[in-house]
Amino acid sequence: MGRSGRSRHQKRARAQAQLHNLEAYAANPHSFVFTRGCAGQNLRQLTLDVRRVMEPLTASRLQVRKKNSLKDCVAVAGPLGVTHFLILSKTETSVYFKLMRLPGGPTLTFQVKKYSLVRDVVSSLRRHRMHEQQFAHPPLLVLNSFGPHGMHVKLMATMFQNLFPSINVHKVNLNTIKRCLLIDYNPDSQELDFRHYSIKVVPVGASRGMKKLLQEKFPNMSRLQDISELLATGAGLSESEAEPDGDHNITELPQAIAGRGNMPAQQSAVRLTEIGPRMTLQLIKVQDGIGEGKVMFHSFVRKTEEELQAILEAKEKRLQLKAQRRAQQAQNVQRKQEQREAHREKSLEGMKKAQVGSSHEVTPRRASLGLSEEFDDLDYDDLEEDDLEDDDIEYFCQAVGEAPSEDLFPEAKQKQPAKCPGWKMRETDRGKGRFSDQKLTKDKPQGAQGRWGPKGVSWHRGRGRGRPRKRAA
């Protein structure tokens with residue numbers, strides 16, 4: 001059999017690389033994007049667009065039903081390594097956006113002042129650049145104007161930074177940066193502008209004709225005398241095809257980037273194309289915890305120190321009462337468990353006493369049958385069949401009060417049947433009285449006498465055998 005295409009060193013290196021990739025992927029932040037409450041069609045589409053922005057480190061096909069609570073989502077997020085929740089909800093007055101950090105918070109609540117869907121943004125562009133390869137890597141986060149405007153602004157910047165994996169500028173591969181997420185803070189209006197762009201890098205310094213040739217777009221050269229006219233002046237091209245490049249977007253590439261003419265140490269222009277969605281956010285409040293907890297900041301409600309102290313005291317009382325209830329519940333559970341154990345032991349003792357009493361009742365019966373205590377030590381396999389048959393016949397005589405028929409014990413036909421006490425008297429009285437073999441009349445006794453026989457004698461006495469049939473005269 002031929003050897004495999006890879007050596008063991010190659011297999012080991014590949015396995016180590018896969019393990020390293022899995023560890024790196026697990027170390028990155030992950031997110032859930034979903035809606036809560038009654039959401040309309042536009043809000044559901046906005047949720048899908050925001051989920052598209054967070055790819056690939058998000059659950060693209062997440063489905064949250066109405067019966068699922070926030071606790072259910074938190075319980076599922078732990079094993080999956082999810083670190084953030086992005087929740088969109090709608091009320092009668094406005095749309096709200098919540099950003100939660102798992103597992104202990106905080107929770108930032110924003111009011112969505114305005115928003116535009118991806119389809120609205122793309123339809124307003126002349127040319128849009130959006131393809132699936134752009135969403136294979138997380139976007140580059142750019143924060144603007146998040147200066148020293150308060151602790152809540154610093155907390156917002158930290159939360160947005162933790163949404164995406166960190167970047168090492170010395171080791172980053174520029175080919176993995178295909179998108180850009182811009183969050184701009186306006187200190188005057190205290191609003192955030194949420195924008196999503198596609199990144200394109202093109203070489204600069206070449207004529208428009210050369211750019212067309214590099215892009216494999218051949219213009220109409222029927223009016224040109226030589227191809228040098230196209231390369232030198234770009235004749236035949238409209239002015240609208242020229243891209244507005246300048247010092248604001250021209251840079252020197254540190255490494256090669258996918259694209260025609262993008263070489264290291266060459267001048268290239270970075271161009272952004274908005275691909276949506278677009279939102280305008282305003283911070284409402286900051287809470288300690290997941291969805292509920294102490295309000296650390298509020299944009300509209302201001303409380304004095306006395307009110308804050310009263311709120312803390314009320315919360316402390318609620319926590320103490322909750323702890324007391326839990327302790328009382330634990331005591332009740334332990335008490336019920338002890339009661340069950342005591343009842344179980346009492347029941348076992350009663351069962352043991354009943355077994356001991358039944359054994360004492362059997363002893364006189366064995367003595368009446370002529371069985372000694374040594375009979376318990378005997379092995380029934382060592383007894384002869386004749387002895388067993390004699391014991392059965394004697395037991396039947398003691399229980400029923402008469403000798404069994406020959407059909408009941410066919411194996412003992414050759415032997416003399418055991419005679420019960422008073423057999424002579426019963427044989428002399430045969431034919432007259434209750435032991436006669438005459439046929440029963442139609443007026444058969446009913447009720448207890450019919451079931452149990454005359455004078456309450458059971459029809460099913462003995463070792464599970466029925467009453468023996470009487471022989472015909």
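Residues numbered from 1 in each chain as written. Predicted model: local features only at pLDDT ≥ 70, side-chain atom pairs only at ≥ 80, totals over all residues. Heavy atoms only, no water.

So, on to the overall build of the protein chain. Each helix and strand in the protein chain was counted, giving eleven helices and eleven strands. Buried positions account for 26% of the 473 residues belonging to the protein chain. Accessible surface for the protein chain amounts to roughly 33500 Å². Of this, 51% is attributable to carbon and sulfur atoms. (Helix = DSSP H or I, 4+ residues; strand = E, 2+ residues; numbered from the N terminus. Buried < 20%, exposed > 50% of the residue type's maximum accessible area, 1.4 Å probe, protein only. Areas by Shrake-Rupley, 256 points an atom, 1.4 Å probe, with all protein chains shown as cover.)

Remember that side chains alternate between the two faces of the sheet whenever the strand is regular. Summarising the sheet, strand 2 (residues 84-90) and strand 3 (residues 95-101) pair through seven bridges and their orientation is antiparallel. The residue bridging Ser89 from the neighbouring strand is Tyr96, located in strand 3. Counted along the chain from strand 2 to the antiparallel partner strand 3, the turn is four residues long. Of the strand pairs in this sheet, strand 3 and strand 4 (residues 107-116) are connected by six bridges, and their pairing is antiparallel. Counterpart to Phe97 in the pairing with strand 4 is Phe110. Where strand 3 folds back onto strand 4 in an antiparallel hairpin, the turn is made up of five residues, including Gly105, whose phi is positive at roughly 95°. (Pairing = 2+ DSSP bridges.)

Okay, the confidence of the model for the protein chain next. Predicted confidence across the protein chain gives a mean pLDDT of 78, with 70% of residues reaching 70 or more. Considering each helix and strand of the protein chain separately, the mean pLDDT is smallest for helix 11 (residues 447-452), with a value of 49, and largest for strand 3, with 96. In this model residues 234-242 is a low-confidence stretch, pLDDT under 50, and it forms 15 contacts with partners more than four residues away in sequence or in other chains. A low-confidence stretch, residues 455-462 (pLDDT under 50), is modelled with 13 contacts involving residues beyond four sequence positions or located in other chains. (pLDDT = per-residue confidence, 0-100. Contact = heavy atoms within 4.5 Å.)

On to the packing of aromatic side chains, then. Following the criterion strictly, the structure yields five aromatic pairs and no others. With a centroid separation of 5.8 Å and 10° between ring planes, the pair formed by Phe32 and Phe85 is classed as stacked. Of this pair, Phe32 sits in strand 1 (residues 31-36) while Phe85 sits in strand 2, and the two are 53 residues apart along the sequence. For the pair formed by Phe32 and Phe85, the shared burial category is buried. Within the aromatic cluster, the residues linked to one another by ring pairs are Phe32, Phe34 and Phe85. The side chain of Arg52 reaches across the aromatic face of Phe135, ending 3.9 Å from its centre. (Phe/Tyr/Trp six-rings, centres within 6.5 Å; stacked < 30°, edge-to-face > 60°. Lys NZ or Arg CZ within 6 Å of the ring centre and 35° of its normal.)

So, about unusual backbone geometry. With an omega of 0°, the peptide bond running from Glu55 to Pro56 counts as cis. Along the chain, Pro56 falls in the loop between helix 2 (41-53) and helix 3 (70-80). For the peptide bond that leads from Gly276 to Pro277, omega is 0°, which places it in the cis range. With respect to the helices, strands and loops of the structure, Pro277 is situated in the loop between strand 9 (267-274) and strand 10 (278-288). In this structure, Ser145 is a non-glycine residue whose phi angle is positive, near 70°. Positionally, Ser145 belongs in the loop between strand 5 (140-144) and helix 5 (151-162). Phi is positive for Gln190, which is not a glycine, with a value near 55°. Note on placement: Gln190 falls in the loop between strand 6 (179-186) and strand 7 (191-203).

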